[in-house]
Structure formats: structure tokens, C-alpha cells
Amino acid sequence: MNGRIIRLAGKDARIETSGWTIQTEAGALPPDGDIIVPMSVWLQNVDALTARNGRIGVWLAPAEDPGALKDAFAGLSLIAIQFPKFTDGRGYSIAALLRRRYGWTGEIRAIGDVLRDQLFYMARAGFDSFALAEGRDIEAAMDGFKDFSVVYQDSSDGKAPALRTRAQAVRDAKIIRAAKLLAHIAEQHPSAALASSLSAEDMVLTDLIARNALPIHIFTLQTGRLHEETLGMIGKTKARYGIDIEPIQPVAAAVEAHVSAHGDYAFYDSLELRKACCGIRKVEPLNRALKGRTAWITGQRRDQSVTRTTLHEEEHDADRGIAKFNPLADWTWDDVLAYAAAHDVPLNPLHARGYPSIGCEPCTRAIRPGEDPRAGRWWWEQSDSKECGLHTHTDEQPSLESVS
Ligand code: SF4
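Residues numbered from 1 in each chain as written. Predicted model: local features only at pLDDT ≥ 70, side-chain atom pairs only at ≥ 80, totals over all residues. Heavy atoms only, no water.

> Talk me through the sheet that holds strand 3 (residues 21-22); I want residue IDs and the actual numbers.
An order of 2-1-8-7-6-5-4-3 is seen for the eight strands of this open sheet, with the pairing classed as mixed. Bordering the open sheet on either side are strand 2 (12-17) and strand 3, each of which pairs with just one other strand. The pairing of strand 5 (residues 56-60) with strand 6 (residues 76-83) spans five bridges and is parallel. Counted as the bridge partner of Gly57 is Leu78 from strand 6. Lying on the sheet, helix 3 (residues 90-101) is in contact with strand 5, strand 6 and strand 7 (107-112); it crosses strand 6 at an angle near 155 degrees. (Pairing = 2+ DSSP bridges. Helix = DSSP H or I, 4+ residues; strand = E, 2+ residues; numbered from the N terminus. Contact = heavy atoms within 4.5 Å. Axes fitted to C-alpha atoms, helices over the stretch in contact; angles between N-to-C directions.)

Okay, here's the thing in C-alpha cells:
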């Protein structure tokens with residue numbers, strides 16, 4: 001193979017002269033010079049071949065197992081894969097295995113019946129040099145790498161598939177929009193506060209607030225029935241962002257009176273008693289925390305439940321007479337997790353144990369695969385009653401021109 005080859009380095013392809021000699025069968029080796037031997041010859045003669053003066057490569061036939069080489073890469077400069085006929089696709093799999101399973105980072109050369117129209121796909125599989133079949137026009141073949149500008153599958157070349165690129169662009173736009181909305185809130189409503197449940201959505205909002213140094217207060221309702229893991233998020237937030245989350249407690253006398261009249265677990269007995277408990281432990285403390293503020297912020301999303309499908313980014317909270325913002329209204333659960341992973345956001349460990357939505361310990365369970373994300377909240381009730389009184393929605397949407 002002392003003819004010309006195409007070498008690919010990143011996006012650049014060039015033609016160069018190959019100095020390699022291919023040995024097609026076992027037999028006497030030339031005493032020096034760069035030589036490509038059959039894989040079996042290499043595996044049986046590693047010491048003798050590495051003692052020669054010159055670089056060593058091996059070539060594999062399509063039926064050979066590249067795994068046999070995985071412990072014998074040391075001393076090799078090149079691996080060639082033979083295509084006896086252009087219709088034989090096994091060489092693509094060999095190249096992909098060498099790159100992705102066995103970690104070969106050196107040159108992989110396509111040899112044999114190699115045609116222009118295969119080059120784009122070979123490059124994607126991991127080949128980076130190409131010895132074209134006899135009689136093929138090597139200059140004209142250079143265009144073969146430009147056959148497609150978009151790819152749809154993952155491969156060894158690291159190019160992002162089109163659908164993933166598009167999904168990332170959509171996610172980036174959501175992040176920018178949420179950050180702009182938070183900045184708008186901070187400017188228009190200096191008293192605005194984030195009511196954090198310490199769940200993933202609210203941790204994402206906390207990260208956006210911290211990342212953009214926004215003067216937005218954060219509080220959480222300490223109902224007295226939260227999981228230890230949830231309470232632990234207050235310290236994790238302080239450690240990660242230096243932010244103190246204000247704990248808002250229920251009125252102790254009201255809690256005591258409710259418990260002594262109805263017991264510790266009255267919420268299981270009726271919707272009325274459940275709402276009474278939520279009223280004492282959540283709604284009254286929230287109203288107190290929002291007193292004097294002109295706006296509040298939540299981590300609610302539309303796809304969390306049937307009660308939130310019409311959620312807007314901005315609402316008028318008629319009960320409290322103030323503005324209410326849901327900057328993650330159009331985010332999916334995957335958007336939330338992707339943001340958290342990309343920005344190292346601390347998350348409540350319960351999420352990883354099957355709790356997409358987290359509330360008080362006795363009123364929240366893990367969900368089963370395929371269940372609605374809020375199926376674990378007050379699971380003994382109808383899905384259309386599953387709100388605690390903190391959130392009542394309107395279909396009215398005030399203008400958001402300032403953040404579009
Ligand atoms: S979620 Fe359960 S424990 Fe918590 S306030 Fe509501 S009813 Fe009470």
C-alpha cells in the first residue's frame with residue numbers, strides 16, 4: 001500500500017502518500033520499514049515484530065474479532081480493516097467497537113474495496129484514513145465527507161444528532177427566558193419572594209437566582225411534617241450558594257388544637273380534615289410570609305398535574321391580591337433534571353427514590369413507573385383535589401412583554 005491515501009484530521013481531509021507495506025500472509029518479514037501484518041501474525045509474534053526497525057500495524061478481516069487485540073495495543077501504530085467488497089458492512093462495526101468499546105485512539109484505516117460514497121459513513125464509525133480501491137479517483141472522493149451536513153444517530157465522531165441539538169436549543173431558550181423573568185420580577189417587585197418547597201424545581205430557581213445575583217428572598221414552609229431529607233436541603237443550599245432560606249413555622253397553638261381534636265393523622269380521614277391541616281400548617285404560614293409583598297414566585301410546572309395544565313408564567317393571585325410568577329411553567333421534568341445536572345444543583349435525595357413531587361412525609365409516597373408525577377401526593381384522594389390551598393389558578397394571563 002505505497003499508494004496515496006486520504007487522511008482525516010478533525011474536519012480536514014488531505015491526500016498523502018502512504019509509507020506502509022501490507023503483508024497479506026504469514027511469511028518472512030522485511031527487516032525494516034513500516035509494515036501492516038495480519039492480526040494473527042501480530043498476536044503470535046509481538047516481541048519479534050516490536051524488535052524490528054519500523055512501525056507496526058495490523059489488519060483485520062471482517063470476520064475477525066477486534067476484542068482479541070484489546071490487550072495487545074501497545075506497540076501498534078495503526079489498525080487497518082479490510083473491506084473485501086463494498087457491500088460488506090462488518091468493517092464499520094469493527095471500527096466502532098475499537099473506538100467505543102476497546103478505547104483504541106490511534107489510526108484506523110479502511111483498506112480493500114473502499115469507495116467514495118462510503119467515506120462519510122466510515123468517518124462516522126471511527127475510520128480516519130482511507131486507501132481507496134484500485135482505479136478510483138482519490139481527488140474526486142474528497143467530496144464524500146461533505147455528503148451530509150446533519151446527522152441523526154450517535155456515532156464515534158462525536159457529532160451531536162440533529163434532534164438532540166434541537167432539544168438542547170429549546171432547553172437553552174427556556175433557561176434564558178426563566179432567568180429574564182426572574183430579573184424582571186426582581187426589578188418590578190423588590191419585595192418578591194420565592195416560596196421554596198426545596199424540591200428540584202425550586203432548587204433550579206434558587207440556582208438561577210444565585211447565578212444571576214438577584215435580590216430575591218427565599219422562604220420555605222416548615223410544616224413540622226417534612227422528611228429529614230427535605231429539611232437537609234436548607235443546609236445544602238447554604239453550603240452551595242451561601243443563601244439562608246427563611247423557615248416559616250405554623251402557629252403552634254393552632255397545630256396543637258387541631259391534633260388534640262382530630263389526632264396526628266386526621267388528614268387520612270376526610271378531605272375536609274386534610275384541607276384543615278394544610279390550612280394550619282401551610283396556607284396560614286404562606287399568607288403570613290407573603291404579607292406586605294407585591295409578588296411571589298413558585299416552581300410549579302404545567303405537566304405536574306391535571307390541576308396545573310393551564311398554568312401561566314404570570315398570574316394574578318386574587319386571594320392575596322398580588323402577582324404570582326411561575327418561571328418554569330413550560331419546563332418538563334427532564335428539563336429540570338438536565339439543568340440540575342449541568343449546573344451541579346443540589347437535589348433532594350428523595351427524587352432519586354421515586355418522589356418527583358415532595359410534600360409532607362405522611363402525605364407523600366414514591367410513585368410507580370408510568371404513574372402521574374403527583375400520584376404520590378395525597379394518593380388516597382381524587383386527582384382533581386390534589387392541591388393544598390397554596391395555589392389557585394386563573395386562566396387570565398397578564399402581559400409579559402418585558403421578558404419575551
Ligand atoms: S400535606 Fe399532609 S401533613 Fe402536610 S399540611 Fe397537608 S395534610 Fe398536613
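That shown, we press on.
> Residue-level account of helix 3, with values.
The terminal C-alpha atoms of helix 3, which comprises 12 residues, lie 16 Å apart, in line with the 16 Å expected from a rise of 1.5 Å per residue. Within helix 3 the residues assigned to the buried category are Gly91, Ile94, Ala95, Leu98 and Arg99. Taken down its axis, helix 3 places every buried residue within 125 degrees of arc, on the same side. Looking at helix 3, the residues exposed on the side facing more than 90 degrees away from the buried face are Arg100 and Arg101. Each element contacted by the buried residues of helix 3 is listed here: strand 5, strand 6, strand 7 and helix 4 (119-125). Just downstream of helix 3, Gly103 is the residue with a positive phi angle, here 75 degrees. (Expected span 1.5 Å × (residues − 1). Buried < 20%, exposed > 50% of the residue type's maximum accessible area, 1.4 Å probe, protein only. Arc of directions from axis to C-beta.)

> Please provide a residue-by-residue account of the site of the ligand, values included.
The environment of the ligand is formed by Arg225, Phe267, Arg274, Cys277, Cys278, Arg281, Lys282, Cys360, Cys363 and Trp378. Taken together, the residues of the shell around the ligand break down into six nonpolar, no polar and four charged. (Near = heavy atom within 4 Å. Nonpolar A, V, L, I, M, F, W, Y, C, P; charged D, E, K, R; others polar.)

> Outline the side chain of Gln222, listing residues and values.
In this structure, Gln222 sits in the loop between strand 10 (217-221) and helix 8 (228-241). Since its relative accessible area comes to 18%, Gln222 is described here as buried. Separated by 3.3 Å, the side chains of Gln222 and Gln249 make a polar contact. Not counting chain neighbours up to four residues away, the residues in contact with Gln222 comprise Leu231, Ile234, Pro247, Ile248, Gln249 and Pro250. (Polar contact = N/O pair within 3.5 Å; in protein donor to acceptor, adjacent residues only side chain to side chain.)

> I'd like a rundown of the packing of aromatic side chains, residues and numbers included.
Applying the stated criterion to the full structure yields 12 aromatic pairs. Between Tyr265 and Phe267, the ring centres sit 5.8 Å apart and the planes meet at 75 degrees, which makes this aromatic pair edge-to-face. For Tyr265, a relative accessible area of 47% translates into the label partly exposed. Through pairs of rings, three or more aromatic residues link up here, namely Tyr265, Phe267, Tyr268, Trp379 and Trp380. The lysine or arginine in question, Arg225, covers the ring of Tyr265, its NZ or CZ lying 5.1 Å from the ring centre. A cation over an aromatic ring shows up here: Arg377 above the ring of Trp378, its NZ or CZ 4.8 Å from the ring centre. (Phe/Tyr/Trp six-rings, centres within 6.5 Å; stacked < 30°, edge-to-face > 60°. Lys NZ or Arg CZ within 6 Å of the ring centre and 35° of its normal.)

> Tell me about the nonpolar core, residues and numbers included.
Among the nonpolar cores identified, the biggest contains 37 residues, and Ile6, Trp42, Leu69, Ile79, Phe127 and Phe130 are the most heavily contacted of them. With sequence-adjacent residues up to four places away left out, Ile79 is seen in contact with Val58, Leu60, Leu69, Phe73, Leu98, Trp104, Glu107, Ile108 and Arg109. Membership of the second largest hydrophobic core comes to 33 residues, among which are Ala200, Leu214, Ile218 and Ala295. (Core = buried A, V, L, I, M, F, W, Y, C linked by side-chain atoms within 4.5 Å.)

> Got a sec to walk through the pattern of salt bridges? Specific residues and values, please.
Per the counting criterion, the structure on display carries 24 salt bridges. Residue Asp88 is joined to Arg90 by a salt bridge in which the shortest nitrogen-to-oxygen separation is 2.7 Å. Take Asp88: its relative accessible area is 13%, and that puts it in the buried class. Arg90 sits in the partly exposed class, given a relative accessible area of 43%. Between Arg368 and Glu371 there is a salt bridge whose closest N-O contact spans 3.3 Å. The exposure class of Arg368 is exposed, given its relative accessible area of 53%. Through salt bridges that share partners, Arg7, Arg14, Glu16, Glu107 and Arg109 make up one connected network. (Salt bridge = Lys/Arg side-chain N within 4 Å of Asp/Glu carboxyl O.)

> Could you give an account of a nonpolar patch on the surface, naming the residues involved and the relevant values?
On the surface, Tyr265, Tyr268 and Trp379 cluster together to form a nonpolar patch covering roughly 310 Å² of accessible area. Among the structural elements, Tyr268 can be located in the loop between helix 9 (252-262) and helix 10 (271-290). (Patch = residues over 30% accessible without salt bridge, like charges linked within 9 Å, V, L, I, M, F, W, Y side chains within 5 Å. Areas by Shrake-Rupley, 256 points an atom, 1.4 Å probe, with all protein chains shown as cover.)

> Help me get a handle on the pairing of strand 4 (residues 35-38), residues and values and all.
With two bridges connecting them, strand 3 and strand 4 associate as parallel partners. Looking at strand 4, one finds that Thr21 is bridged to Ile35. Bridge analysis of strand 4 against strand 5 gives four bridges, and the strand direction is parallel. Paired with Ile36 across the two strands is Gly57, which belongs to strand 5.

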